[in-house]
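# Descriptive analysis of the structure
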Amino acid sequence: MTWKSRLFSILVAVFGDTNTFTLQEVYQTCEGVMSYYYPKSNTVQASIRLNLEKLRDDGIINFVDDMGTYSWVKD
């Protein structure tokens, strides 16, 4: 499983029923899990941000504002 796919599966499990979520919520929810799967990573928060950008580029999530809010792309 890739970083992006693992992060996506966590986001869906935790935030799938919500319209929006914040970067801070993603950190709180995902940082420990991702650190568990990637124990040698010293840049977990940066990797989370990078993979959120990749999910945005893939058309899965949107950046809502400069306050760190994201939303799901609706079909």
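Anyway, here's the lowdown on the structure attached to this text. Just so you know, these numbers come straight off a predicted model, no measurement behind them. (Residues numbered from 1 in each chain as written. Predicted model: local features only at pLDDT ≥ 70, side-chain atom pairs only at ≥ 80, totals over all residues. Heavy atoms only, no water.)

### Regarding the environment of Ile-60
Relative to the assigned elements, Ile-60 resides in the loop between helix H3 (44-57) and strand E2 (61-63). Each C-alpha atom, one on Ile-60 and one on Val-73, is 5.4 Å from the other, the two residues being 13 residues apart in sequence. Residue contacts for Ile-60: discarding those within four places in its chain leaves Phe-8, Leu-55, Ser-71, Trp-72 and Val-73. (Helix = DSSP H or I, 4+ residues; strand = E, 2+ residues; numbered from the N terminus. Contact = heavy atoms within 4.5 Å.)

### Points about the packing of helix H1 (residues 3-15) against H3
Orientation of H1 relative to H3, taken along the N-to-C sense of each, is 85°, at an axis distance of 10 Å. Between H1 and H3, the angle is such that the two are roughly perpendicular. Residue-level inspection shows Trp-3, Lys-4, Leu-7, Phe-8 and Leu-11 of H1 in contact with H3, the latter providing Val-44, Ser-47, Ile-48, Asn-51, Leu-52, Lys-54 and Leu-55. (Axes fitted to C-alpha atoms, helices over the stretch in contact; angles between N-to-C directions. Parallel < 35°, antiparallel > 145°, perpendicular 65-115°, else oblique.)

### Quick notes on helix H2 (residues 23-37)
For H2, with 15 residues, the first-to-last C-alpha span of 20 Å sits near the 21 Å given by 1.5 Å per residue. Roughly 45° is the biggest bend found in H2, and it falls at Cys-30. Here the buried face of H2 lies against H1, strand E1 (20-22), H3 and strand E3 (69-72). (Expected span 1.5 Å × (residues − 1). Bend = angle between axes of the 7 residues up to and from the residue.)

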